[in-house]
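Remarks on the overall topology
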Amino acid sequence: MNVLARHRALQRIWASEPGFRGWFTTVNHNDLGRMFMAASICFFIIGGLLAMLIRAQLATPRSAFMEPETYAQVFTMHGTIMMFLFAIPLFEGFTVYMLPKMLGTRDLAYPRLSAYGFWCYAFGGSMLIVALLAGIAPDSGWFMYPPLTSKLNSHGINTDFWLIGITFVEISAISAAVEIVVSVLRFRAPGMSLASMPVYAWYALVVAVMILTGFPPLILGSILLELERAFGMPFFQVSAGGDSLLWQHLFWLFGHPEVYIIFLPAAGVISTILPVMARTTLLGYGWVVASAIALAVLSFGLWVHHMFTTGIPHLGLAFFSAASTLVAVPTGIQVFAWIGTLWKGRPKMHLPMRWLIAFFATFVIGGLTGVMVAVVPFDWQVHDTHFIVAHLHYVLVGGFVFPMLAALYYWLPQVTGRRRFFKLGEVAFWLIFLGFHVTFLAVHWAGLVGMRRRIFTYESGQGWEVINLVSSIGSFVMAIGFAMVVVDIAFNVWAANRGSRDPWRAGTLEWAMPTPSPAYNFASLPWIDARDPLYRDPELPARIARGEGLLGDPARGRRETLTVDVASGKPDAIVVFPGNTVLPIVMAFVTGGIFVGMLLKIYWLIPIAAAGVLALALRWAWSQGARPDEGMLPAGHGLSLPLASASLAPPGWWGSLFLLVADAVFFGSLLFGYAFLWTVAPNWPPPEFLVPGLAGPGLGLAGIILMPLATRLSEARLKDGRPLAVPLGLLFVGTMSVALAAVVVMVTAPGHDSHAYGATLWVLSGYLLLHAAVVGVMILFIAAQARAGYLSKERRGALRIVRLWSDYTATVAAISLIAIYLPGALA
Amino acid sequence: MIEILRMATPLTVWLAGFSGIYGLHGLLCSARGAWLFGLTGNMLLVLAWLLLVLLQAALLYGLSYRFASPAPFCRWVSMAAAAASLVASLWSLFPVVAISHCL
């Protein structure tokens, strides 16, 4: 088969549907990555317009440009859009588009999940924009502190839009994170070991794990606050055993890692682009990887530094002050590695390089003001002033927007296949860079002379007038610069000439394919044993196109790629991907029904939508199964591999594992909240305890013992080729026993709206009931699959997934029931 | 997967220890005057800190020798992470010996 015939055959297999319909049915990472990025840039433009409104309002004292109520919505939505609808989704979109190309594979691990995540993001983000246009947008600041956001002080639907809309959008972040982790660990080019992974893949892995562990506390906080607002469960009301500081803990457990979730992808971009611009390789690859890991974990130990003024004991202040200064070390190591890379190379001042230099200048200033606010006495002085506003913009714009502009111009030829011709970008660079520094140096100054943040106006005569006017002029210059970038990109996308395949002479795999890339990325999967394979073998792109790698023969006529061993990169299975489908968009739409039902208090809609999601999820899972045992299949080069569905740890098992990591963090955050209220909140202990009888603990214990035994018995019987009816029946009985134990807690617990203790027991038992229900459905599903011939001695992976969920549920049941009953037993 | 665990464990242990000692501090402050086996709150915090430091030192030793990765790159990253965790444990929790715990 020649190159063209191979291309045509692969294109026929992998292509999305033509025309408008293709937008809604595509599951290809190229399409979805572009859609993610385009949507996030639209949200960035909306957020940017809101920023201009803020600066117009503050340009002069006693401005009548906006009413205070409108101003509150505008600054809240500016922060919310930039953090949740622009920065994280841009990372997701960029990674969805680029990661498979860098890793040398044909798509991400779960193509339909990519699509589902995108549509949840699009629908959830749209909900917030509709609220903004209708004048009922959130208005309590992007971190939504109660009691300002409690029902007493925020009567309308504004706060609910934030809590429900953002939680809907976070489905997208969690989906993308699971996808990225599994893709980096298992979906790489054959031979690509951990040591030879492109450095961006390390950053993507680290950030995805951070999303899985950082977002659940916020999801929990949003659920608890919404439960308080909707059903009177007093988690944050001091008079009923709650504490508004609990929200701050949960929010910043997410919020501080969030800063690094935004910065680290940009650091990955810098570590990738900088060596190419300097015409050398990255200095200290191992140091950079270790620093990224250290930075990620250390960032989870800093959350209280956002709460230095809340009156916590001095020892707590000292812990978090020390940890906050420590985090500068791994950041500094990365900065020095980049400077060293520049030193050993011969840098060329192309446009991406200019943005990287702008990053250095800006981010280092933001980092240093970060160390200043890590020092408690200084933080007490500048807390909630414009100094903090300036600091966070130096970190986020300098540390994310500037590197992403470098990325935009660096990878534009890869995405469009065109050579940049129009040079508006250079002018835009200077307008944005100078405009940004004029704006935010002035904002630092305003903060140091005492200007509070979030005030909608100020009196003249306080020395703030000139500073604010200068800042506003700078911001409009910056906005003109961003508009010019949009025009520049539009011209270059539609009107520039065709370019060469690797215009920067880079060494990573995304430049080893035709541009714009075909739907299948690689005509064959190359063996990789170097971080910059194109430097080692300049002929590699031609050899890939000639089908000299693995899976170069499309004869089986289906979407195939490889999974590899995590550490060594040795290929271990062939994965068959699903084709185009409307299932993800339909499921995202129906999922939206749950959130809309909660938002508009149309409670009958929630169970209907949930049943719809369940039915669609079952259809989704059913279509993944394989019935015949295909045995070993040829993959090329004399290598034969089994299908992934015949492995003991199929991709679904890996996805479940990392989803359960996020789930466990959610559960841990709930236990933390319970312990926090117990030890710190006033009005504890509660007026009455739940006294353990026989029913609840007995049912729970029976289920906890039965579930792990039954799953192992099921596996043993399947391995021997024997029927599964009895062990699956036992597993179902055990699971329902746990579910009944949860119901007993709900029936016997003190009232959910009288004290935070009762409310917490309701949430703990609700969590348990939900998990038991999920496992129950999985058991019925696997029984139906066994009956239909989807399971065999060779195809046991699906049962292992059930075992994973069952073991998790049994474990959290044991911990929950101890947490629920122990206080009552001791009392 | 074992290689990823080697790299992730030391810093995760730091995070668990750091959060645990902060939580212990909250617990001791909420139950003023509490003691365990004759130990005061300050002594318990110092003991917990020393245990964490010892655990981190053991992890560094283990990842350098007995449980060292066979892959040089993974060994290097896991040892760097363990060294960083040891320094983080010493630095971020040293206030237990410098500051009164419920002031």
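The rules we used
Residues numbered from 1 in each chain as written. Chains lettered and ligands numbered in written order. Predicted model: local features only at pLDDT ≥ 70, side-chain atom pairs only at ≥ 80, totals over all residues. Helix = DSSP H or I, 4+ residues; strand = E, 2+ residues; numbered from the N terminus. Rg over C-alpha atoms; globule rule 2.2 N^0.38 Å. Buried ≥ 20, exposed ≤ 12 C-beta atoms within 10 Å, placed from the backbone. Contact = placed C-beta atoms within 7 Å. Nonpolar A, V, L, I, M, F, W, Y, C, P; charged D, E, K, R; others polar. Core = buried A, V, L, I, M, F, W, Y, C linked by C-beta atoms within 7 Å. Domains from an automatic or database assignment. Expected span 1.5 Å × (residues − 1). Bend = angle between axes of the 7 residues up to and from the residue. Pairing = 2+ DSSP bridges. Axes fitted to C-alpha atoms, helices over the stretch in contact; angles between N-to-C directions. Parallel < 35°, antiparallel > 145°, perpendicular 65-115°, else oblique. Left-handed = near helix turned anticlockwise from the far one by under 90°. pLDDT = per-residue confidence, 0-100.

The next subject is the overall build of chain A. For chain A, the helix and strand inventory stands at 25 helices and 4 strands. Compactness check: chain A gives a C-alpha radius of gyration of 27 Å against a globular reference of 28 Å for 827 residues, within 12% of the reference. Counting every position in chain A, which comprises 827 residues, the buried fraction comes to 56%. Residue pairs in contact within chain A that sit at least 24 positions apart in sequence constitute 82% of those at least 6 positions apart.

Glancing now at the overall build of chain B. Helix and strand content of chain B: 3 helices and 0 strands. In chain B, the succession of helices and strands from N to C terminus is α-α-α. Residue burial in chain B is summarised as follows: out of 103 residues, 37% are buried.

All right, on to the interface of chain B and chain A then. Each side of the interface is counted separately: chain B has 33 residues, and chain A has 24 residues. Per-element accounting of the side of chain B that touches chain A gives the leading share, 14 residues, to helix α1 (residues 2–30) of chain B. For the side of chain B that touches chain A, the class distribution of residues is 26 nonpolar, 6 polar and 1 charged.

All names here are of chain A. Residues V181, V206, L264, A292 and I293 are the most contacted members of the largest nonpolar core, which totals 305 residues. Both domain 1 (268–500) and domain 2 (655–826) contribute no fewer than three residues apiece to this core. The residues contacting V206, other than those within four sequence positions of it, are L264, A292, I293 and A296.

To continue, consider α1(B). Between its terminal C-alpha atoms α1(B) stretches 40 Å, which fits the 42 Å expected from 29 residues at 1.5 Å a residue. Of all the bends in α1(B), the greatest, near 40°, is centred on A8(B), and the proline P10(B) appears no more than four residues after it. By the burial criterion, the buried members of α1(B) are E3(B), R6(B), M7(B), P10(B), L11(B), W14(B), G17(B), F18(B), I21(B), Y22(B), H25(B) and L28(B). Against α9 (285–298) and α10 (314–326) of chain A together with α2 (41–64) and α3 (72–93) of chain B lie the buried residues of α1(B).

With that settled, consider the pairing of strand β1 (residues 560–564) of chain A. Residue and element names in this part refer to chain A. Judged by how many residues are buried, β1 sits mostly within the fold: 5 of 5 residues are covered. Covered by surrounding structure in β1 are E560, L562 and V564 together with T561 and T563, the residues of both alternating faces. As paired elements, β1 and strand β2 (residues 571–576) share 5 bridges and run antiparallel to each other. Within the sheet, the bridge partner assigned to E560 lies in β2 and is V576. Between β1 and the antiparallel strand that follows it, β2, lie 6 residues; G569 among them carries a positive phi value of about 80°.

A separate point is the packing of α9(A) against helix α11 (residues 328–344) of chain A. Residue and element names in this part refer to chain A. The interhelical angle for the contact between α9 and α11, taken along N-to-C directions, is 155°, at an axis separation of 8 Å. Viewed along their axes, α9 and α11 adopt a mutual orientation that is roughly antiparallel. Once α9 is placed against α11, the crossing between them reads as left-handed. Residue-level inspection shows W287, V288, S291, A294, L295 and L298 of α9 in contact with α11, the latter providing P330, T331, I333, Q334 and A337.

Turning to the confidence of the model for chain B, a few remarks are in order. Regions with low pLDDT should not have their predicted coordinates read in detail. Residues and elements named next belong to chain B. In the predicted model, chain B carries a mean pLDDT of 89, and the fraction of residues at 70 or more is 94%. Within chain B, α3 carries the highest mean pLDDT (94), whereas α1 carries the lowest (90). Of the two predicted TM-score estimates for the complex, the pTM is 0.95 and the ipTM is 0.93.

Further remarks concern the environment of G481(A). Looking at the element boundaries, G481(A) is found in helix α16 (residues 465–494). Those residues in contact with G481(A), other than ones at most four positions away along the chain, are A428(A), L431(A), I432(A) and G435(A).

Let's shift gears to the domain arrangement of chain A. Accessible area lost upon the coming together of the parts serves often as the stated size of an interface. When the domains of chain A are assigned, the result is domain 1 (268–500) and domain 2 (655–826). Each of domain 1 of chain A and domain 2 of chain A has a C-alpha centre, and the two are 44 Å apart.

Our next topic: unusual backbone geometry. Residue and element names in this part refer to chain A. The amide bond that connects P146 to the next residue, P147, takes the cis arrangement and shows omega of 10°. Tracing the sequence through the fold places P147 in the loop between α5 (111–133) and α6 (158–186). With an omega of 0°, the peptide bond between W684 and P685 qualifies as cis. One can find P685 in the loop between α21 (651–679) and α22 (695–719). Residue R505 is not a glycine yet carries a positive backbone phi of 55°. As for its placement among the helices and strands, R505 is situated in the loop between α16 and α17 (533–536). A positive phi angle is found at H637, which is not glycine, with a value near 55°. The class for H637 is partly exposed, based on 13 C-beta atoms found within 10 Å.

Okay, the environment of R800(A) next. All names here are of chain A. By secondary structure assignment, the location of R800 is in helix α25 (residues 797–826). A tally of 18 C-beta atoms within 10 Å means that R800 is categorised as partly exposed. On a C-alpha basis, the gap between R800 and G652 in space is 9.6 Å, while along the polypeptide they are 148 residues apart.

Before going further, it helps to spend a moment on the packing of helix α8 (residues 244–277) of chain A against helix α12 (residues 351–374) of chain A. Residue and element names in this part refer to chain A. Put simply, α8 and α12 touch, their axes get as near as 10 Å, and they point 125° apart. Taken as axis vectors, α8 and α12 run oblique relative to one another. Handedness of the α8/α12 crossing: left-handed. When α8 is examined against α12, the residues I270, I273, L274 and M277 are found in contact with a partner set consisting of P352, M353, L356 and F359. Taken together, the residues of the contact of α8 with α12 sort by class into 8 nonpolar, no polar and no charged.

Position of A290(A) among the secondary structure elements: in helix α9. According to the C-beta neighbour criterion, A290(A) is buried, with 24 such atoms within 10 Å. Each C-alpha atom of the pair A290(A) and L185(A) lies 17 Å from the other, and the pair is 105 residues apart in sequence. If near-sequence neighbours (up to four positions away) are discounted, A290(A) is found in contact with V77(B), A80(B) and A81(B).

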